[in-house]
Amino acid sequence: MPTQRALLVAVLALAAFAPTLLGAAPARADWIVEQLSNAAPGMSGETRVGRQEMHATEGRVLIVDKDAGRWAGIVRLDERKVYELDMVKKTYFERPFSYYEKHRSRRDREHADIRRRWRNESDDRVKESMKAEMIKSGIAPDGKTVAQLERTGETRQIGPWAAERVIVRENGKVVFDMWVTRDLPRPEPVFALYRGIGLFAPEVVGKTDAIDGFPIAIDVRIDVGGPFAGSQHAEVIRVREVDEIPKSTFEIPDGFEKVDPPKSEGEGVKVTGEAPPGATIACAHCKKVVSEADAIYFLNPLERFKKYPVCSDECKKGFARSLKKR
Ligand SMILES: [Zn+2]
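Residues numbered from 1 in each chain as written. Predicted model: local features only at pLDDT ≥ 70, side-chain atom pairs only at ≥ 80, totals over all residues.

Draft legend 1. Layout of the overall build of the chain. Looking only at helices and strands, the chain has six helices and 16 strands in total. Residues counted as buried form 36% of the 326 residues belonging to the chain. The long-range share in the chain, meaning contacts at least 24 apart out of those at least 6 apart in sequence, stands at 60%. (Helix = DSSP H or I, 4+ residues; strand = E, 2+ residues; numbered from the N terminus. Buried ≥ 20, exposed ≤ 12 C-beta atoms within 10 Å, placed from the backbone. Contact = placed C-beta atoms within 7 Å.)

Shown next as C-alpha cells:
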C-alpha cells in the first residue's frame with residue numbers, strides 16, 4: 001500500500017529543499033519548490049514521475065500534485081501531524097508522527113526477534129548462514145545500529161547546480177543516496193523533520209546532520225516495514241524564494257470533510273507486501289484460512305527473512321520447525 005508512505009516520502013524529499021522549513025531561523029523568505037518525483041498517493045511509487053510543488057514556511061509544509069491537482073499533503077510540525085487531502089472528493093485524513101515511530105519500533109522488535117533466534121540456534125551451520133543473511137539484510141548480529149556517511153567524490157550538474165553524490169547507510173544498507181550542492185545553503189531544518197517523524201534511526205539522522213550542502217536529488221529508502229517500505233526518488237527543478245506565505249495555506253481548506261485513515265495502513269495491520277486489506281490467507285502451517293488482519297508472520301532467515309503468514313504462535317513455532325527439517 002504505497003499511498004501514505006509515498007506521500008510522506010514526497011514530503012520528506014521536498015522538505016530537504018526548504019532551508020527555512022523547521023529551524024528557529026530568523027524571519028526570512030519562504031520557499032516554493034518544484035520537483036519531479038515518483039512519490040505520490042495512489043501511484044505505484046516505482047515508475048511514474050509526477051510534478052509536485054511545495055510551499056514551505058517555518059514548521060509547515062504543503063505539497064500539491066501539479067499534474068492533475070488530485071491530492072495534497074500538509075505536514076505540521078507544531079501539531080506533529082501529517083494530513084493527506086483528496087482534492088477531488090474534498091476529504092482529508094490525518095496521522096500523528098507517532099504512527100511512523102510505531103512502525104519503526106515494530107521493525108526493531110522484529111529484528112530483535114531474529115537476533116534472539118540466531119543466538120539460540122544450536123546448529124552451527126544454520127547459525128552461520130543465518131548470520132550471513134542477517135548482515136545482508138542490514139540486521140546487525142550485535143544489535144548495534146551503525147550509520148555511515150560516504151562522500152563519493154562523484155560529481156554531476158543538476159540544472160543550475162553542481163552536485164556531489166553523498167550516501168548514508170544504516171548497517172551497510174543505503175538509506176539516503178543524494179546529490180548535494182554547495183551552491184545553495186545547507187537545509188538545517190529538514191533534519192529536524194527526519195528526527196521528529198520517527199522513520200529514521202538516530203544514528204542515520206546523525207550522519208545526515210554532517211552533510212555539508214543542499215540535497216538537490218534524493219533517493220530515500222525507508223525500511224521500516226508495513227506501508228513504509230520502499231524507495232522513492234525526487235529531483236528539484238526550480239527553487240523560488242518568496243515573501244511570507246500566508247499561514248492559511250497550511251490549513252485544511254473550508255468544506256473538506258475529515259475521514260478515517262485507510263484501514264490497510266492502520267494499527268495492527270500485519271506486514272505482507274502482497275495481501276490486500278480484507279483478504280484471507282491460508283496459514284502456512286495448518287492451512288487454516290484467516291483474515292489478513294489476523295495473520296501473524298514468520299520471517300525465515302534462510303530465505304532473506306521471507307514472510308510466511310501463520311494463524312497463531314503455535315503454528316509459527318511449528319512452521320519454523322518444519323522448515324528446518326526440510
Ligand atoms: Zn495455523
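Read on, since the account is not over.
Draft legend 2. Helix α6 (residues 313–325), seen in detail. When the terminal C-alpha atoms of α6 are compared, their 19 Å separation across 13 residues agrees well with the 18 Å that a helix rising 1.5 Å per residue should span. Lining the buried residues of α6 we find β15 (296–300) and β16 (306–310). (Expected span 1.5 Å × (residues − 1).)

Draft legend 3. View of the pairing of strand β3 (residues 60–65). Within β3, five of the six residues are buried, leaving the element largely enclosed by the surrounding structure. Sheet topology places strand β2 (residues 50–57) next to β3; six bridges connect them, and they run antiparallel. By the bridge assignment for β3, Glu53 is matched with Val64. The hairpin turn running from β2 into β3, its antiparallel successor, is two residues long, and Gly59 in that turn takes a positive phi close to 75°. Bridge analysis of β3 against strand β4 (residues 71–76) gives five bridges, and the strand direction is antiparallel. Looking across to β4, one finds that Val61 is bridged to Val75. (Pairing = 2+ DSSP bridges.)

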